[in-house]
Amino acid sequence: MKKFILKSLSLAGALAISSVFLTGCGSATGTENLIRVGVCAGPYEDMFKEGIQPKLEEKGYEVKYVDFSDYVLPNNALAEKEIDVNVFQHSTYLKKFSEEHDLDLTYITEIPTAAMGVFSNSFDSIDSVAEGSEAAIPNDDTNLARALRVLEQTGIIKLSDEIDKSKATVDDIAENPKSLVFKEVNAEVLPTVLDSVGIAVINGNYAISAGLDLADAVYNEQLGEGYYNVIAVRTEDKDSSFSKDIVSIVHSDDFRNVIEDESKIYKAFNKPADYDK
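Everything numeric here is computed off the predicted structure, so don't read it as measured data.

K.L.:
Just checking my understanding: could you explain the overall build of the protein chain for this structure?
P.N.:
Per the secondary structure count, the protein chain includes 9 helices and 13 strands. Evaluated residue by residue, the protein chain yields a buried proportion of 54% over its 277 residues. Sequence-distant contacts in the protein chain: of pairs separated by 6 or more residues, those separated by 24 or more amount to 73%. Entry remark: accessible area of the protein chain is about 12,300 Å², with carbon and sulfur atoms responsible for 45%.

Here you go:
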């Protein structure tokens, strides 16, 4: 199966190249049962391939994948009908991005999700983090706020009680007893800075993609509502046949058997509330 790789390109350039590659392949060109799935680096492409694609093919669909290198291009590509589905983001990010860019996107189901982890090559535990250590966190607004909430879960910092914590910034830290110095970094780059910082708060998919073991994190996030990854579509396709088929597969025993397989990484993922329904 041919894979289209979109790496570090400008938005316009990437979408132009996508259009060339995908001419004649997308559902918009008349191939009704083709589903083009946008993914980012990490385990969710594998989850879709292993847990969803086989059942879609049994229903008569063809599935193709388009890889993106950041968290911006997949939603724009979905809105522009370059792809039909994407799977890489949590619902809070989807909602915020769609509002900021005036995109009419929605999600059809949550999926098991690799939590953020606090990783360190210097310290064995949160308690052992030295005073004045540098802490690397994502630089996009949604995941930056999420990383700060993860650090608050550990007890190493405290955010102000007067703020909306879904929009927290470094300026909203009320208590920082270890005087951590914060370094904001592109989310996908965080695994590469571990040797130069004390701790790094890394999205689970990027950690896995970089070969990190979630079990080696000094702390793993406890996911809350809005932070499970989702399968997103254009709102106009929310009630389409392919959307309904994807949802039914995600809530099937066949999908859960893949997730619960002891030989796969998904077993340790956080499960959404309706996982067993």
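Once you've had a look at it, read on.
K.L.:
Help me understand the pairing of strand β7 (residues 134–138) in this model?
P.N.:
Counting buried residues in β7 gives 4 out of 5 residues, a clear majority hidden from the surface. In terms of strand pairing, β7 meets strand β10 (residues 181–185) through 5 bridges, oriented parallel. Considered in β10, the bridge of A136 is made with K183. Both β7 and strand β11 (residues 199–202) contribute to a ladder of 2 bridges, which runs parallel. By the bridge assignment, A136 is partnered in β11 with A200.

K.L.:
So what exactly am I meant to see when it comes to the packing of aromatic side chains here?
P.N.:
Between two aromatic rings, the relevant description is the distance of the centres plus the angle of the planes. For the structure shown, the criterion picks out 8 aromatic pairs. Ring centres of Y44 and F269 lie 6.2 Å apart, and the angle between their planes is 55 degrees; on these two criteria the pair is classed as tilted. Here Y44, found in helix α2 (residues 44–51), pairs with F269, found in the segment after α9 (253–259); they are 225 residues apart in sequence, far enough to count as distant. The class for Y44 is buried, based on a relative accessible area of 4%. On the basis of relative accessibility, which here comes to 3%, the residue F269 falls in the buried class. Their ring planes at 75 degrees and their centres at 6.3 Å tell us that F88 and Y93 sit as a pair that is edge-to-face. We note K271 situated over the ring of Y275; from NZ or CZ to the ring centre the distance is 5.9 Å.

K.L.:
Explanation requested: empty space enclosed by the protein in the structure shown.
P.N.:
Once rolled over the atoms, a probe with the size of a water molecule shows which space is left empty. Per the counting criterion, the structure on display carries 2 cavities of 30 Å³ or more. Roughly 90 Å³ of volume is contained in the largest cavity. Taken together, 14 residues form the lining of the largest cavity, with Y71, F88, R146, N203 and N229 sitting closest to its centre. Sorting the residues of the lining of the largest cavity by element identifies β4 (85–90), α6 (141–154) and α7 (204–209) as the ones contributing at least two each. Sort the elements by how many residues they give to the lining of the largest cavity and β4 lands first, with 3 residues. In terms of residue class, the lining of the largest cavity is made up of 5 nonpolar, 8 polar and 1 charged. Considered as a void within the structure, the second largest cavity measures approximately 40 Å³ in volume. In terms of lining residues, the second largest cavity is bounded by T109, E110, I111, P112, V250, H251, F255, P272, D274 and Y275. Tallied by class, the residues present in the lining of the second largest cavity amount to 6 nonpolar, 2 polar and 2 charged.

K.L.:
Help me out: how do you make sense of the pattern of salt bridges in this one?
P.N.:
Two side chains carrying opposite charge are able to pair once their charged atoms lie near each other. The final tally for this structure, using the stated rule, is 16 salt bridges. Across the salt bridge formed by E262 and K267, the nearest N and O atoms sit 3.9 Å from each other. Here the residues in one salt-bridge network are R36, D84, R234 and D237, joined through shared partners.

Definitions and cut-offs
- Within each chain, residues carry numbers counting from 1 in the order of the written sequence.
- In keeping with the model being predicted, local features are shown solely for residues with a pLDDT of at least 70 and side-chain atom pairs are shown and tallied solely at 80 or more, while totals for entire chains, interfaces and linings include all residues.
- Calculated side-chain values reflect all of the structure's heavy atoms, with hydrogen atoms and water omitted.
- In this description a helix means any DSSP run of H or I spanning at least four residues, a strand means any run of E spanning at least two, and both kinds are numbered starting from the N terminus.
- Whether a residue is buried, partly exposed or exposed follows from its accessible area with a 1.4 Å probe, protein chains only, as a fraction of its type maximum: under 20%, in between, or over 50%, in that order.
- By definition in these notes, contact holds between two residues if any of their heavy atoms fall within 4.5 Å.
- Here the open area of atoms and residues is found with the Shrake-Rupley method and a 1.4 Å probe, where only the protein chains shown may cover a residue.
- Criterion used throughout: strands pair if DSSP finds at least two bridges between them.
- Aromatic rings from Phe, Tyr and Trp, with only the six-membered ring used for Trp, were paired whenever their centres fell within 6.5 Å, and each pair was classed as stacked if the ring planes differed by under 30 degrees, edge-to-face if by over 60, and tilted otherwise.
- Only lysine NZ and arginine CZ atoms are considered, and such an atom sits over a ring when it is within 6 Å of the ring centre and within 35 degrees of the ring normal.
- Points on a 1 Å grid over protein atoms alone make up a cavity when a 1.4 Å probe fits among them but cannot get out, and a pocket when they form an open set with protein on both sides within 12 Å along at least five of seven lines; lining residues each have an atom within 4 Å of a point.
- Grid points are joined across faces, edges and corners, and a volume is the space filled by probe spheres set on the points.
- Gly is placed with the polar residues, together with every amino acid not listed as nonpolar (Ala, Val, Leu, Ile, Met, Phe, Trp, Tyr, Cys and Pro) or charged (Asp, Glu, Lys and Arg).
- Within this document, salt bridges are pairs made up of a side-chain nitrogen of Lys or Arg and a carboxyl oxygen of Asp or Glu, the two lying within 4 Å of each other.

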